[in-house]
Each structure stands twice: as C-alpha cells, then as structure tokens.
Protein chains: 2
Amino acid sequence: MGVAERKLREKEQLKNLILSGAKKLFLEKGIEKTTIRNIADEIDYSIGTVYVYFKDKDEIFNGLHSQGFQQLRSLMLPLLKVNDPMERLKALGHIYVDFALDNPDMYELMFSMKAPMAYLEKARMDEWNEGQATFEILRKTVGDCLEKGHFQGHQLNPLTYLIWGTVHGICSFNSNGRIMCVQEEPSEELVRSSYEEFTSLMERF
Amino acid sequence: MGVAERKLREKEQLKNLILSGAKKLFLEKGIEKTTIRNIADEIDYSIGTVYVYFKDKDEIFNGLHSQGFQQLRSLMLPLLKVNDPMERLKALGHIYVDFALDNPDMYELMFSMKAPMAYLEKARMDEWNEGQATFEILRKTVGDCLEKGHFQGHQLNPLTYLIWGTVHGICSFNSNGRIMCVQEEPSEELVRSSYEEFTSLMERF
DNA sequence: TATATTTATTGAACATTGTTCATTACTTTT
DNA sequence: AAAAGTAATGAACAATGTTCAATAAATATA
C-alpha cells in the first residue's frame, strides 16, 4: 500500500511546513508576538489545521526546540574527531558561543523559555533526550580531559555541569538582554572576550 | 500642606500593595498564570485601579524585578566588610547561589524573563541601574582580587562578566528546568557542588 | 455648612489570543 | 457512481490585557 505511506509522508511534510512557518515568524517578529493565526496565515492553512498537527502551542515550541538541538548537535559532532580532549573542549565551547550569538532567539527558546519543557511535562515525557545527548558529548570530553590529567581533584558531573553552566551563563546574558551593565563594548565582543578568559583559565589545568 | 503629602504616601502604599499581591500570586501559582484580574481580586481592588498605578503588566513585572534586585543587593552589601577579596568573592557567590535556589521564581523574573527589560525599553530608560549596581559590587571585588595578584594576566571586565556568567549559568539551569540531564542527584545538590568546583578552581589563582 | 471642583475608583466593553468542534470538502475504497 | 473515510475549515468560546466613560469619594471654596 503506497497510499498510506504517501499520506504519512504528507503528514510529516505539513508538520514541517508548520514548524518552518513558525520559525520564520519567530525570527522575523519575535517569539512572543507570533500567534497561531499568524503561523496559519504564513503557510496558507487555517487555524484548525495547525491544531490537527499540533496539540497546542507548546508542542510547536517543543518542535522547534528539538530542531534547535539537532542543529547544535550537528555542529558539535564533527569536533569529536579532535583527539586532544582539551582542544576539543575549547572547540566545543567556541561552537556553542557562535551558535548562541548567531541565533539568539533560538537560543532563548532552547535554554530559557518554559514552554518547550512544559510540553514535555504535559506529555509525561520525563526525559529530555536532546539536552541529555548534548550533555553527553560534553561529559565525554571532560572525562577524557580528566583521564589525561587535567582538572585534577575535580568530579566529572559537577565539573561538566560547571563548564556548560559557564558557557551558557555568558551566552544567556546576551540573548535575554541582561548585558547592558557593561556598556563600553558591544555585547557580542564581551561574550567572546569572556569566553577567551575562560579558555585561558582552563588551559592552565 | 500635609494633604498632598499624605496622598503621595497613600499612592505609594497602594502601589506596594499591588506589587505584594502580585508577588504572592507569582509564588503561589506561578508567574505565567497570574493575571491582572487575579491581582486585583487578591487585594480587593478593581482591574481599573491596577491600571491607574501601573501603565501595563510589564511595569508590574519590572516593579518586582527591582524589588528582587534590592533584596539581593541587601544580602550582598554586608559582605563588603570581608577584607580578603578572594574570600569576599567566594562569599558573594555563595549568597547569590543561595538566593537563586531559595527564590527560583524571583530569579527567573530577574534574569530570564523578557518583560521587565521590555518595560525599560518602552519607557526609554536605556539604563538598567539595578543590574549595574549589582555588577559594580562584583567588579569592585574582582578588581581587588586582581590588585592582590589573583587572576594574573586577565582583564577586569571580561573576567567579572565571566564570573557572574558562571554563577548565573549554574543557577539558571535550575530555575528554568534544564537540569534534568544529570539525574542521579537532586538538582539543588548539583548546583551547590558545581559552585564548590568553581570556588576550588578560583582558589588556585 | 452647602456647593463646586478635583481626585480616585470602578467595571462594562473591546481587541486579541489559544483552543474546540460541528460542518464542509476532498480522497479513497467499494 | 455511491459510500466510507480522511483532511481542512473557520465560526464560536473562554480567558486575557487594556481602555475609558461613568460613578463615588475627598477636598477646596463660598
């Protein structure tokens, strides 16, 4: 039966169309100001259709949230080839900072907004696979660093969490508008130079 | 004229009453689910009255945002007495982490939500005084550390920003629900142990 | 004190949102 | 060609932020 398969494919396509319309509007006019009606208009479907393919708005948020993590992951995976773990760690952070600066709205959706996580809770999915997968890449690298004698006397989990937290922290101030407190330089510069401070700190271990 | 003064005082009081009602509901049922009608009900005034005292909902968010920074600041100021700057730095971070863990909703309002900053922009107040003031406490302390020979070869601004970013990063994962990726331990423990990792890293400089 | 004026409070009404669901249009099967 | 099944629709509903003419209360004036 090719029909059933085609229908499945079409369903998937329309789901993606809705997501891409949503993403376009998110980037154009901001996440908060994008409504279901806007999304429906954008892709020339009715409101009701959107609700056939997505249970509610949070599920749309979650869909884009997932896409964002896939994108970030695909940027990170090639770096697993870097043999020296400290170099790999620094490169991972660099990619991460670039991603956050290039995609502040996506970054906000992925790491600040409640909605995507609220959907996971509603859907009783207590696991956040995308986050976990990304975390694993980092943990593996930090583990390799420990094995090579870096960060002596530190524990894997809290250290990994600390490193992610650090890079996330300097990025998130940028994406959520809390960076004005040091106004002498443009905020992107401040984020990058802070990350440089961080890598030069890590190098000593 | 005592009347005008009394009226001013009463105005201030009602403003505070609205804010405290809002805060109560925020903590009770979450920020997102608190409506203007709820706030008005809570304090036995009408919707309209709320709008006499606050231009819009963002201004209420901003009011609580300010109160949060005042509270955090008042927790930090006593630590300026600590003479050794590295000890002071660690103590400041500790206070900060405690505040974030004890007040996750307030923390989210202060450092993640768009609304309070959106209000500043709307009101054409390009300065974020509360944030700046808090940042200054930290910058002063980091500056003292540099003078005493810590963090050699690092620059004041990016380093200060990095340190704030680090502590904020590990806290924010907790308040915005992105901490599930390491599930072996309760999230509060992970935040605290990560902060310990951080202080023990800093101590070496 | 009685009246006029200013100030404070109100809540009905509006626009916009997320969401639902009976109805319509279209596809596939018989 | 008709029946059965699937997909798409948009009017309708409830809830929200917001406004504003009308009301009530407080103050100033005579």
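It should be noted that the structure appears before, not after, this text.
Overview of the structure.

Criteria and cut-off values
- Residues numbered from 1 in each chain as written.
- Chains lettered and ligands numbered in written order.
- Predicted model: local features only at pLDDT ≥ 70, side-chain atom pairs only at ≥ 80, totals over all residues.
- Heavy atoms only, no water.
- Helix = DSSP H or I, 4+ residues; strand = E, 2+ residues; numbered from the N terminus.
- Buried < 20%, exposed > 50% of the residue type's maximum accessible area, 1.4 Å probe, protein only.
- Contact = heavy atoms within 4.5 Å.
- Areas by Shrake-Rupley, 256 points an atom, 1.4 Å probe, with all protein chains shown as cover.
- Lys, Arg positive; Asp, Glu negative; His and termini not counted.
- Charge placed at Lys NZ, Arg CZ, Asp CG, Glu CD.
- Axes fitted to C-alpha atoms, helices over the stretch in contact; angles between N-to-C directions.
- Parallel < 35°, antiparallel > 145°, perpendicular 65-115°, else oblique.
- Nonpolar A, V, L, I, M, F, W, Y, C, P; charged D, E, K, R; others polar.
- Salt bridge = Lys/Arg side-chain N within 4 Å of Asp/Glu carboxyl O.
- Polar contact = N/O pair within 3.5 Å; in protein donor to acceptor, adjacent residues only side chain to side chain.
- Near = heavy atom within 4 Å.

With that settled, the discussion passes to the overall build of chain A. The number of helices and strands found in chain A is 10 helices and zero strands. Along chain A, from the amino end to the carboxyl end, the secondary structure elements read α-α-α-α-α-α-α-α-α-α. When its C-alpha atoms are laid out on the principal axes, chain A stretches across 60 × 50 × 30 Å. Looking at chain A as a whole, 53% of its 205 residues qualify as buried. Residue pairs in contact within chain A that sit at least 24 positions apart in sequence constitute 69% of those at least 6 positions apart. Of the roughly 9800 Å² of accessible surface on chain A, 51% is carried by carbon and sulfur atoms. Within chain A, one finds 25 positive and 31 negative side-chain charges whose respective centroids are separated by 6 Å.

Interhelical geometry of helix H10 (residues 187–203) of chain A versus helix H9 (residues 156–175) of chain B gives an angle of 80 degrees and a closest axis separation of 8 Å. Here H9(B) runs roughly perpendicular to H10(A), going by the angle between their axes. Residue-level inspection shows Leu190(A), Val191(A), Ser193(A), Ser194(A), Glu197(A), Phe198(A) and Leu201(A) of H10(A) in contact with H9(B), the latter providing Asn157(B), Pro158(B), Leu159(B), Tyr161(B) and Leu162(B). Classifying every residue of the contact of H10(A) with H9(B) gives eight nonpolar, three polar and one charged.

Before going further, it helps to examine the pattern of salt bridges. If you walk through the whole model with that rule in mind, you get 30 salt bridges over all chains. In this structure, the salt-bridge partner of Lys55(A) is Asp56(A), at a minimum N-O distance of 3.3 Å. A residue is classified by how much of its surface remains accessible, and Lys55(A), at 57% relative accessible area, is exposed. Look at Asp56(A) and you get buried, because its relative accessible area is 16%. A salt bridge links Asp84(B) to Lys148(B), with the shortest nitrogen-to-oxygen separation between them at 3.6 Å. Of this pair, Asp84(B) sits in the loop between helix H4 (57–76) and helix H5 (85–102) while Lys148(B) sits in the loop between helix H8 (129–147) and H9, placing them 64 residues apart in sequence. For Asp84(B), a relative accessible area of 28% corresponds to the partly exposed category. Overall, the relative accessible area of 57% leaves Lys148(B) in the exposed class.

Among the structural elements, Ser194(A) can be located in helix H10. In this structure Ser194(A) comes out as buried when scored by relative accessible area, which is 0%. A polar contact of 3.2 Å, which involves the side chain of Ser194(A), links it to the backbone oxygen of Pro158(B). Residues in contact with Ser194(A), not counting those within four places in the same chain, are Ile170(A), Pro158(B), Tyr161(B) and Leu162(B).

Neighbouring residues of DNA strand C: 22 residues in total, closest Arg6(A), Arg37(A), Lys57(A), Thr49(B) and Tyr53(B). The sugar-phosphate share of atoms of DNA strand C within 4 Å of the protein amounts to 65%. Between a phosphate oxygen of DNA strand C and a side-chain N or O atom of Thr49(B), the distance comes to 2.6 Å. One of the side-chain N or O atoms of Tyr53(B) is found 2.6 Å from a phosphate oxygen in DNA strand C.

Read these as geometric descriptors, not functional statements.
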